[in-house]
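Structural overview for review
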Amino acid sequence: MPNIKPISDLRNYSDVLQDVAIGAPVFLTKNGRGRYAIVDIRDYEKADATLRLMDELAQGKKSGEEKGWLTSDEVKAHFRERADEE
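Everything numeric here is computed off the predicted structure, so don't read it as measured data. (Residues numbered from 1 in each chain as written. Predicted model: local features only at pLDDT ≥ 70, side-chain atom pairs only at ≥ 80, totals over all residues. Heavy atoms only, no water.)

Turning next to the side chain of Asp 40. Within the fold, Asp 40 resides in the loop between strand 3 (33-38) and helix 2 (41-67). Looking at Asp 40, the relative accessible area reads 13%, which means it is buried. At 2.9 Å, the side chain of Asp 40 forms a polar contact with the backbone nitrogen of Arg 42. (Helix = DSSP H or I, 4+ residues; strand = E, 2+ residues; numbered from the N terminus. Buried < 20%, exposed > 50% of the residue type's maximum accessible area, 1.4 Å probe, protein only. Polar contact = N/O pair within 3.5 Å; in protein donor to acceptor, adjacent residues only side chain to side chain.)

On inspection of all chains with the given rule, the structure shows 4 salt bridges. Lys 5 is the partner of Asp 19 in a salt bridge, and the nearest nitrogen-oxygen pair spans 2.9 Å. With a gap of 14 residues between them, Asp 19 in the loop between helix 1 (13-18) and strand 2 (26-30) and Lys 5 in strand 1 (residues 3-6) connect regions that are remote in the sequence. Residue classification places Lys 5 among the buried residues on the basis of a relative accessible area of 17%. Measuring nitrogen to oxygen at the nearest pair gives 3.2 Å for the salt bridge that ties Asp 48 to Arg 52. With a gap of 4 residues between them, Asp 48 and Arg 52 both fall in helix 2, about one helical turn apart. (Salt bridge = Lys/Arg side-chain N within 4 Å of Asp/Glu carboxyl O.)

Okay, a negative patch on the surface next. On the surface, Glu 81, Asp 84, Glu 85 and Glu 86 cluster together into a negatively charged patch. With respect to the helices, strands and loops of the structure, Glu 81 is situated in helix 3 (residues 72-85). By relative accessible area, which is 49% here, Glu 81 ends up partly exposed. (Patch = residues over 30% accessible without salt bridge, like charges linked within 9 Å, V, L, I, M, F, W, Y side chains within 5 Å. Areas by Shrake-Rupley, 256 points an atom, 1.4 Å probe, with all protein chains shown as cover. Lys, Arg positive; Asp, Glu negative; His and termini not counted. Charge placed at Lys NZ, Arg CZ, Asp CG, Glu CD.)

A few words on the sheet that holds strand 2. Taking strand neighbours across the sheet as the criterion, the 3 strands line up as 1-2-3 in an open arrangement whose pairing is mixed. If you trace the sheet from one side to the other, it starts and ends with strand 1 and strand 3, each paired once. Along the sheet, successive strands turn relative to each other by an average axial angle of 35 degrees, direction set aside. With 4 bridges joining them, strand 1 and strand 2 adopt parallel strand pairing. Pairing of Ile 4 across the sheet is with Phe 27, part of strand 2. (Pairing = 2+ DSSP bridges. Axes fitted to C-alpha atoms, helices over the stretch in contact; angles between N-to-C directions.)

What follows is the structure in structure tokens.
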């Protein structure tokens with residue numbers, strides 16, 4: 001069950017922050033409507049990494065559709081070349 005509190009509870013912010021845990025954000029309402037979420041930093045970092053990965057995948061898909069897809073042999077050769085450079 002989501003942990004929902006009115007934003008006025010931030011007057012005692014240490015009590016609100018105690019309720020925040022990994023996988024258990026606290027949702028704050030303003031005038032009875034959902035407005036903010038307080039999440040554990042590890043959840044934030046995971047969500048941020050997921051968004052960046054999804055963006056990279058979308059860019060790769062777009063590139064493949066516009067410029068053509070690489071064969072598996074071309075991909076392997078590309079990574080072999082990069083490994084040799086290092």
